[in-house]
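Each chain, letter by letter, is given below.
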Amino acid sequence: MPGLVETPGPPPPPPAGPGFSVHSQKVELDIDFRTQRLKGKTDITIQPHSKELKTIKLNCRQCVLKRLNVEGKGPPLTYDDPYGLLKVPEAFTALQHHIVHQKVEPALGDAPDGEISITLPKSVRIEEQDPYSTSAQRMLLAKSSVGNKRQTDDPAIPTAETATILKTAGAGDNDARFTPIKIHVEFEILEFRDGLHFVGMEDGDTRYPHVYTRNTGSPRAASCIFPCVDDPMARCSWEISIRCPRTLGDAFEEPKLLTNGVNGHPKTNGVLTNGVHNDSVNKEYSGPPLTEQDKALELAVICSGDLTDEIIDPKDDTRKTVSFSCATEVAPCHIGFAIGPFEHVDLSEFRDVDEDDKLGSNAFRVHGFCLPGRADEVRNTCFPLTRAIDFFTMQYGAFPFTSYKLCFVDDLVTDVADTAGFTLCSNRLLFPEDVLDPIDPVTRTLTHALASQWIGVNIIAKEPSDTWAIVGIAYYMTDQFLRKLSGNNEFRYKQKLAADEVYEQDLLRPSLYSLGSILHLDPGEMEFMALKAPLVLFILDKRLTKASSTIGMARIITRIFINAKTGDIENGAIDTAYFIKICERIGHLKLESFFQQWVYGAGCPHFSVTQRFNKKKLVVEMLIKQVQNDRLQTREIRPESFHREVEEDDKHIYVGQVAPVFTGPMTIRIHEADGTPYEHIVEIKEATTKFDIPYNTKYKRLKRSRRQKERAAAANGLNPNDENQDDVLLYCLGDVLQTDEEIGEWRLTDWSKDDEDRMSQESYEWIRMDADFEWICKMQLGMPPYMFVSQLQQDRDVVAQLESIQYLNSQKGHPLISTFLTRTLMDNRYFHGIRTSAAAALAKCARDELDWIGLFHLEKVFQECFCLPKSPMTRSNDFSDRTSYLIQCAIPKAIADVRDNSGRSPMRARRFFVDKLKFNDNSNNEFSDAHYVSILLSCLAETLINRNPSNSLNYSFEDEDGEEEEFKRNALNEIERYRRIDEWISSYHNILSATAMDCLRRLIQNRVIPQKVVDILHYTHPSNADVLRLKGFSALIDLGMFRDTAIMKYIFFSLATDTSPYMRSELLRLVSVGLGKIAIGDAKTEGPDQQQVAGSLIIEQEASTELRAADIARKQNVSDAVAALRKEVGDEEILQKAIWNAVTSPIISISEFARLLDLCRLLFVPVSRMVVKLRYPHYWKVQHEGSGKLRFYHSDRVRTTPIHVIHPPPLFRIYCSLHLFCGYQGVFLPFRSPNIHARRSETQGRDV
């Protein structure tokens, strides 16, 4: 990415409109499963904006036009299908990628021009109409009453409600001034690259056949299915009719050959009217192998809108037509459907009767659809969804559609695809009730899909740069429901983790406003927007709430939805300026600086805070500095983000400007000596803010724990339980394991006398900066460690506790830190996220010099909580308590991080995992232990890896070497045992096999075991599950095998031939990661003779200064990384052929085609020349066949040298030859010599 910093200016003026708007569209589709083709017709009613409209442009891709008329008349038109450009000439190679890209580039933009250009016939006139006529009022009412579900049967009859709409809209609206125009199109699609995806049609594919629309949110998706104005702003009402087979068996039967008789009566003799015998009166099945029960499955059609009709074809009882109507105006890209043998699940049954009564008419049905046999998984996965719908309805208003449907399908590229009142979901989201781990991410994904119906489908972004508001509001609504579902601690804990992640990622990145226009470059752009945008709205809500407790984001969002329903938001599209205006109007605040810093600007503030108590003035002197400009303005290029970095650099995407000073209020909470918190609000306006905070209490200390309280009371001869004591402990966590027996058994330590004396001199317990969580920042607070411990034990806020854990984790390991972390881990009153964070931090206290105190505490906690009393033998698994389950998973991860000074894992830590795997018992557990076992396997592999091999010289005796080898054998046997178990009894998503493969990859990568590429290649076979195949491909790339020509050709071959768009998308991502590893120098492959043998010594020669500088540059600079990549692989002909074979694949989509061309542009220098191959001319031969017939033909002999021009003989000689040899008796006509003609042409400057 360029290093320039440029302030984003105002958006460019929008292009001129098409001169018309779409009023409604009717679509009729006939889908053939057997041939995977589609026939259809559509009627588009447009409303001209002026009488000068001459040309109408429609979007239509990969279609064959059969008929098109405007008001019944055939107009002049042109049709340029961009998919025709995907057929690359055979002579082209990867070096001519730029020529192909120039042709395809116009079709890849966010707003491509219409492929069909229609010139209105002269007989079609655009006339002005009476604005008060019935037709004008009908159209005006239809456009003005979007979202109003209770309309009269005849919209021409104005009721009290409709009269208000007509009055406010005005009968003289421009949209209804001119007569509408109807365009009728009949079309056919013979081959699908985009638009529709058929599943279960290939030989060997045992999945249930079904088909669905590939709604990617792109404005080009719908035009691949039917002609339309494929623009998000072209919103209209819809009528959709889909004709399809009635049952699954009917879908693959040969069409019935009808015998046409007289007057419609069929012949009885089996002879057609053209005299051809009818041998195929009975149908023949020609599809995938299905049982008779499967053939009888009814095909269900699920579509956007409301079901209006379903009829069996009267002429063919094997086909049916299902009709839908969508009265709410939506864009073509938000129309979707799915056809398959889906089972119906009524998700409304999870709603309580009380909720039905509370919601009244706003309670609507929720339907789930899935493939046969997965209904229980749908019920388990979508269980919270009904509560989410009720929460959104009560909080933000009625659902914008009449019902909500979810359909789970295979091969979906994204997890969900949002359409009007209907969400396509991937089967990857489904999980049974005995699996615990996917609960949180899947629930958030489905809740966000639901929130996108309010904003994302019903309300859209006016411009791409306004997408941040749509994404932010949808995820903000999602987080608010999850807050209600999981509790405030879970919500604040995840918000804090997200804020820390934003600070780390928001370095040299574009602003939120600028991100909207580059979301198509890489999925990482949307991931970052989805991470930061809701957090910006979260801190905005905090600032609005501080100004007035009755004003917040909930009220602003509700106002936006109301304005969209009443028509105040034009076309249901909002922009950033409108959002700011609504926020300022409702919040009664000027928010210009806030949005300039967090939306139009980039980066996050970094505060450095120092504090000192002034005893003379009785004030706390504080100094807050903003040091974000001192942050190192370079970052390492990661292979996962390499493609995004290259695309941003190629498109000249500038880094967002980081504000030198972030302004706004900050709440500072000082917990003074008596334990009372005092809040002070400071307005940050400058880079350095210095202020004094008055002190309010006397010098009296708050006892930091119950143990200290008992000590102090015993020293003074008082009863520690006496309520009349002055020093009363208000609130304290972590006060477990306090008895002398427990302290000795657990090897706990306490504050020294010097520490206690130093603490007694402090005037306050601790200071909380940004106590109300109003900033996304990094806070560096100069506070003694014991104050962070007090904050951990006495502050109720989970964010404050997490900040204390993070501080302790950043310090050098110490027995005292291990003690506090152990008590935190053992205290059930702490939130589970704090306890798991404490477990992870304990690994830092497990050091040689500390006598492995951290490891001892981790093992002791695991034994106390999950083992038999006074025994290391684990109890039978019981995951009924989810908090306990999370702790049971967190402790092994922490033990796996324990290392000695040489980087090795201690043998006791290794044996811990082998024992837990051997004696794992899940027989009495109602939940699956697959995820838990996968964690143990992963941790076991981690303990075999030496993290610092350069410092691990082997001075051990042979016995120890034998012990190491024996343990490694046992560990590998355990991994192999669970892998084989998974082959016989499949786990959820084959997680045990995937984990075993990942363990194998890590051990090979770290030279623990030799290369086993064949074992990994076995999992990439198409017969395996997608998750295993992708894990195998990822392992090959991580091992540097992408440099191997055979592996590289295999990966590109799989990319070019796999029919699953999900697999192709993931393979493209993995290819980008592999190229990124090569570019930054992380893909070094080793031969067998270069691999390290266990116990051997490797001598590494230090590189020169120039090589080290070049290596650093390629890891930090995109241009250097690209140059290094081209130097290493740019001249490989095998790579060129492999990529070009994928480019010319007939099944890839246009976006995948463009992505492959981008790879060519990245790797190869374009060459504007190519080798033209011409065939040698063959000699002519003549054969006299008699009766005046001569046969001229090419012989096998070829001419390799040019010949001189043969001058024709005199005319008389030609005539004599014809007369003598051919018996020619006709009239001879003189002709002009071709040689003379050629010379004249040359003189006239023309080629011959």
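Calculation criteria
Residues numbered from 1 in each chain as written. Predicted model: local features only at pLDDT ≥ 70, side-chain atom pairs only at ≥ 80, totals over all residues. Heavy atoms only, no water. UniProt positions renumbered as here; feature names shortened; annotations may be inferred. Helix = DSSP H or I, 4+ residues; strand = E, 2+ residues; numbered from the N terminus. Buried < 20%, exposed > 50% of the residue type's maximum accessible area, 1.4 Å probe, protein only. Contact = heavy atoms within 4.5 Å. Areas by Shrake-Rupley, 256 points an atom, 1.4 Å probe, with all protein chains shown as cover. Salt bridge = Lys/Arg side-chain N within 4 Å of Asp/Glu carboxyl O. Patch = residues over 30% accessible without salt bridge, like charges linked within 9 Å, V, L, I, M, F, W, Y side chains within 5 Å. Lys, Arg positive; Asp, Glu negative; His and termini not counted. Charge placed at Lys NZ, Arg CZ, Asp CG, Glu CD. Phe/Tyr/Trp six-rings, centres within 6.5 Å; stacked < 30°, edge-to-face > 60°. Lys NZ or Arg CZ within 6 Å of the ring centre and 35° of its normal. Pairing = 2+ DSSP bridges. Axes fitted to C-alpha atoms, helices over the stretch in contact; angles between N-to-C directions. Polar contact = N/O pair within 3.5 Å; in protein donor to acceptor, adjacent residues only side chain to side chain.

Looking up the protein chain in an unreviewed UniProt entry gives the name Transcription initiation factor TFIID subunit 2, with the organism given as Viridothelium virens. According to the UniProt record, the Subcellular location (unreviewed entry) comment for the protein chain is "Nucleus". In its Sequence similarities (unreviewed entry) section, the UniProt entry covering the protein chain states "Belongs to the TAF2 family."

Novice: Mind showing me how you'd approach the overall build of the protein chain here?
Specialist: In terms of regular secondary structure, the protein chain is built from 39 helices and 30 strands. By residue count, 51% of the 1248 residues in the protein chain fall in the buried class. Long-range contacts, defined here as pairs at least 24 residues apart, represent 74% of the contacts in the protein chain between residues at least 6 apart. In the structure as shown, the protein chain presents an accessible area of about 60400 Å², 51% of it carried by carbon and sulfur atoms.

Novice: Sorry, what's going on with the pattern of salt bridges here?
Specialist: Within the structure shown, the criterion is met by 78 salt bridges. With its nearest N and O atoms 2.6 Å apart, the salt bridge here joins Arg 908 to Glu 859. Taken as a pair, Arg 908 in helix H26 (residues 907-918) and Glu 859 in helix H24 (residues 853-866) lie far apart in primary sequence, 49 residues in all. With relative accessibility at 35%, the residue Arg 908 sits in the partly exposed group. Between Glu 963 and Arg 911 there is a salt bridge, and its shortest N-O distance comes to 3.1 Å. Of this pair, Glu 963 sits in helix H28 (residues 958-984) while Arg 911 sits in helix H26; the two residues are 52 residues apart in sequence, bridging distant segments of the chain. You can call Glu 963 partly exposed: its relative accessible area is 35%.

Novice: Hey, could you run me through a positive patch on the surface in this one?
Specialist: Positive charge collects at one region of the surface, where Arg 555, Arg 559, Lys 581 and Arg 585 lie side by side. Listing elements by their share of the positive patch, those giving two or more residues are helix H13 (553-566) and helix H14 (576-587). Following the sequence through the fold, Arg 585 ends up in helix H14.

Novice: I'm lost on a nonpolar patch on the surface in this one. Help?
Specialist: A cluster of nonpolar side chains, Trp 1180, Val 1182, Leu 1190 and Phe 1192, forms an exposed patch at the surface whose accessible area comes to about 460 Å². At the level of elements, strand S29 (1178-1186) and strand S30 (1189-1198) are the ones that each hand at least two residues to the nonpolar patch. Take Phe 1192: it is sitting in strand S30. Overall, Phe 1192 belongs to the exposed group, its relative accessible area being 54%.

Novice: What is the right way to look at the packing of aromatic side chains in this model?
Specialist: Aromatic rings considered in pairs are described by the distance between their centres and by the relative angle of their planes. This model, assessed by the stated rule, comprises 35 aromatic pairs. Taking 5.1 Å as the distance between ring centres and 75° as the angle between the ring planes, the aromatic pair formed by Phe 350 and Phe 383 counts as edge-to-face. Taken together, the positions of Phe 350 in the loop between strand S15 (343-346) and helix H5 (353-359) and Phe 383 in the loop between helix H6 (375-381) and helix H7 (385-396) put the pair 33 residues apart, joining distant regions of the chain. The class of Phe 350 is partly exposed, set by a relative accessible area of 26%. Take Phe 383: its relative accessible area is 46%, and that puts it in the partly exposed class. Ring centres 6.0 Å apart and planes at 70° place the aromatic pair Phe 879 and Tyr 932 in the edge-to-face group. Taken together, the positions of Phe 879 in the loop between H24 and helix H25 (882-896) and Tyr 932 in helix H27 (residues 930-943) put the pair 53 residues apart, joining distant regions of the chain. The two residues Phe 879 and Tyr 932 agree in class, both being buried. The ring of Trp 775 is capped by Arg 543, whose NZ or CZ atom sits 4.7 Å from the centre of that ring. Positioned above the aromatic ring of Tyr 1179, the side-chain terminus of Arg 1197 is 4.0 Å from the ring centre.

Novice: It is not clear to me how the sheet that holds strand S14 (residues 337-340) should be interpreted in this structure. Could you clarify?
Specialist: Whether parallel or antiparallel, the strands of a sheet pair through hydrogen bonds between backbone atoms. A sheet is described by the order of its strands in space; here 4 strands give the open sequence S8-S9-S14-S11, paired in antiparallel fashion. One side of each edge strand has no neighbouring strand; the edge strands of this open sheet are strand S8 (196-199) and strand S11 (300-303). When the angles between neighbouring strand axes are averaged without regard to direction, this sheet yields 10°.

Novice: Is there a simple way to explain the side chain of Arg 235 in this structure?
Specialist: Tracing the backbone shows Arg 235 in the loop between strand S9 (210-213) and strand S10 (236-245). Nearest to the buried, unbridged Arg 235 among oppositely charged side chains is Glu 329, at 5.8 Å. Among the polar contacts listed, one links the side chain of Arg 235 to the backbone oxygen of Val 457, at a separation of 3.3 Å. In terms of polar contacts, Arg 235 uses its side chain to reach the backbone carbonyl oxygen of Asn 458, at 2.6 Å. With near-sequence residues (within four places) excluded, Arg 235 lies in contact with Val 22, Glu 329, Val 330, Ala 331, Val 457, Asn 458, Ile 460, Asn 571 and Gly 572.

Novice: Please explain helix H23 (residues 832-842) as it appears in this structure.
Specialist: Helical geometry: 3.6 residues make up each α-helical turn, so side chains three or four residues apart lie on a common side. With 10 of 11 residues buried, H23 is to be regarded as a mostly interior element. Of all the residues in H23, the buried ones are His 832, Gly 833, Ile 834, Arg 835, Thr 836, Ser 837, Ala 838, Ala 839, Ala 841 and Leu 842. On the buried face of H23, the contacting elements are helix H10 (488-505), helix H20 (785-794), helix H21 (798-810), helix H22 (815-826), H24 and H25.

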